[in-house]
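Descriptive analysis of the structure
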Amino acid sequence: MNLIDRPLAHYDVERVRQDFPILATTIRGKRLAFLDTAASSQRPNSVIEAIVHYERHLHANVHRGVYELSQKATDAFEAARERVRVFLNARSTREVIFTRGATESINLVAESWGRSLQPGDEILISWMEHHANIVPWQMACERSGAVLRVIPIDRRGELDLAAFHHLLTPKTRLVAITQISNSLGTVVPIAEIIAAAQRNGSLVLVDGAQAVAHQRIDVQALDCDFYVFSSHKLYGPTGVGVLWARETVLSDMPPWQGGGDMIRTVSFEKTTYNELPYRFEAGTPNISGAIGLAAAIDYLESLDIDKVHAHEQALLRYATDALRAIPGLQIIGEAARKGGVISFTLEQVHPHDLGTILDTEGVAVRAGHHCAMPVMDFFGVPATARASFGCYTNREDVDQLIGALHRALEVFG
Amino acid sequence: MDLKDLYRDVILDHNKKPRNFGKLEPCDTSADGHNPLCGDRLTLTLRIDGDTVSDVRFEGQGCAISTASASLMTEAIKGLDETAITTLSEMVHRALTSSSDAAIPEGLGKLAALAGVREYPARVKCASLCWHTLTAALARRDGSTAVSTE
Ligand SMILES: Cc1ncc(COP(=O)(O)O)c(C=O)c1O
């Protein structure tokens, strides 16, 4: 049976909700309908407990002390790295670098790998990138004289693949592309993009920030060169994320930040650098964050990512149908394949007003430009409201959103 | 808390039918305001007679709070001199940012309808954008200038 069409009965969302203490919160006296998981997901008890356990029983600095506690902290931190390796199906932990998040991962690549850029080289991104996958490349281009090219999208929010193939030239050094758009929900056909880029001799960076929590990721099967994501969109804590990079690419990259941990020996005459992945992890890392991330991956896999995916797809269809029935509501982003993200506008009600009205009804949605101003410009809207789903989202959340939208229409009627 | 405290009828009315909407050409001073967080944009054009605002228009796009606030402001400042405008502007700011149990300053007239935003801190910038833009326009009478709430 097709995974996507598997009945929902296999997935007990109400049981999943019990794992997330924050979902019991009331907002302005109303039940919380948390529909902003694309901005940041909530954390299950097991993640909160893993962090507390570490802080209570295991904390010391890593890779430094000879004493037992430091060794325990180092073991836990390195076990988290191994957990990420398995999660991504990476060949080696040498390829798994802990960062502050997707944004820092992209900046690391743009600044370190970006040092090899020559005037006239081209970086190819898409129109629907998050600012985190636009601005670091603009900065790298400014430093190097390289040129930023943008793959257009169409009115449904699909990538223009014909244009992509046209824009891919011998000058293209890197294609940096999102796997799922955070503002439109579009699932980008990255397999086709990676294959074409490879034939062309270009590297590919995949921004997996919106994908990792919703589908299986296998970096060897994808065969990209860089894969980045943030822990906090994967039911883990903020302040930690991952850069995965192909070892042969990483080996040639110069160090980025300098400091402790990333060196082997330091003298005033000459410093030698540490091996991978530590060469790219200057300073004391976010140890509890990495441990929390590993616990989040354990949690997500315990639910079965395929079931979570099917659950979210069913909700997407349910919510899309319900939203379409609201007069004056326009869905922005109607790609054939979407993640659990619905951006929309309501005629007569500005998204910012909508955000406030929904808030008074206990509904948490994002209203704004979603760090994708070029997308807003493309669709000619100043902002949209966006509802997004996770493993704990249920139909009641969607129904509460629909009720609140009717309330907004009443107020602005 | 009731939504109607924020979206009073006056606000909904001015949002639907903004007063003094458009552009004065020629004008004596103008300024652009921008709230990058929510994408609100506003252009104010003013005619000034001596020290007094003789006419004012605004255009742009924004949420109901920012549109109504700008519309109400244009009505309120027409015919006022700069000193009176400064006093009024300070009163509006106090009304927007005071705690919810504080009394709303007397003499605000219809502008008092905006005081509901003090319950919604994220929306204060929407209501104050036009006033910041006005200050900028008056401070620089001989040219165009842009302000941002960020
Ligand atoms: C597609 C995409 N890329 C990158 C980011 C940046 O993630 P972070 O802010 O966690 O670094 C986000 C977050 O919204 C995103 O949705």
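Here is a short report on the structure shown in this document. Keep in mind that what you see is a predicted model, and the values were worked out from it rather than measured. (Residues numbered from 1 in each chain as written. Chains lettered and ligands numbered in written order. Predicted model: local features only at pLDDT ≥ 70, side-chain atom pairs only at ≥ 80, totals over all residues. Heavy atoms only, no water.)

Counting from both sides, the interface comprises 23 residues of chain B and, opposite them, 16 residues of chain A. Interface of chain B and chain A: buried area, both sides summed, is about 1500 Å²; carbon and sulfur atoms make up 59% of it. Interface area lost by chain B to chain A is led by L3, Y7 and C38 of chain B, which between them contribute 32%. Inspection of the chain B/chain A interface yields one salt bridge. Across the salt bridge formed by R123 of chain B and D353 of chain A, the nearest N and O atoms sit 2.8 Å from each other. Inspection of the region where chain B meets chain A yields five residue pairs in polar contact (both at pLDDT 80 or more). Going through the elements one at a time, α1 (3–6), α2 (9–16) and α3 (64–77) of chain B are the ones with two or more residues in the side of chain B that touches chain A. It is α2 of chain B that contributes the most residues to the side of chain B that touches chain A, three residues altogether. A class-by-class count of the residues in the side of chain B that touches chain A yields 14 nonpolar, four polar and five charged. (Contact = heavy atoms within 4.5 Å. Buried area = accessible area lost by both parts, 1.4 Å probe. Salt bridge = Lys/Arg side-chain N within 4 Å of Asp/Glu carboxyl O. Polar contact = N/O pair within 3.5 Å; in protein donor to acceptor, adjacent residues only side chain to side chain. Helix = DSSP H or I, 4+ residues; strand = E, 2+ residues; numbered from the N terminus. Nonpolar A, V, L, I, M, F, W, Y, C, P; charged D, E, K, R; others polar.)

All names here are of chain A. In the neighbourhood of the ligand, the contacting residues comprise A102, T103, H130, A132, T178, N182, D207, A209, Q210, S230, H232 and K233. One of the side-chain N or O atoms of D207 is found 2.5 Å from a nitrogen atom in the ligand. A distance of 2.7 Å separates an oxygen atom of the ligand from a polar atom in the side chain of Q210. When the ligand sits alone it has 390 Å² of accessible area, and the protein chains cover 85% of it. Residues that form the shell around the ligand fall into these classes: three nonpolar, seven polar and two charged. (Near = heavy atom within 4 Å. Areas by Shrake-Rupley, 256 points an atom, 1.4 Å probe, with all protein chains shown as cover.)

Residues and elements named next belong to chain A. The residue after L276, namely P277, is reached through a cis peptide bond having omega 0°. Residue placement: P277 occurs in the loop between β12 (271–273) and α10 (287–303). With phi around 55°, H370 is a residue other than glycine that occupies positive phi space. Along the chain, the position of H370 falls in the loop between β16 (366–368) and α13 (373–379). For H370, a relative accessible area of 0% gives the class buried. (Buried < 20%, exposed > 50% of the residue type's maximum accessible area, 1.4 Å probe, protein only.)

Note that every value here comes from positions in space, so none of it alone points to a role or purpose.
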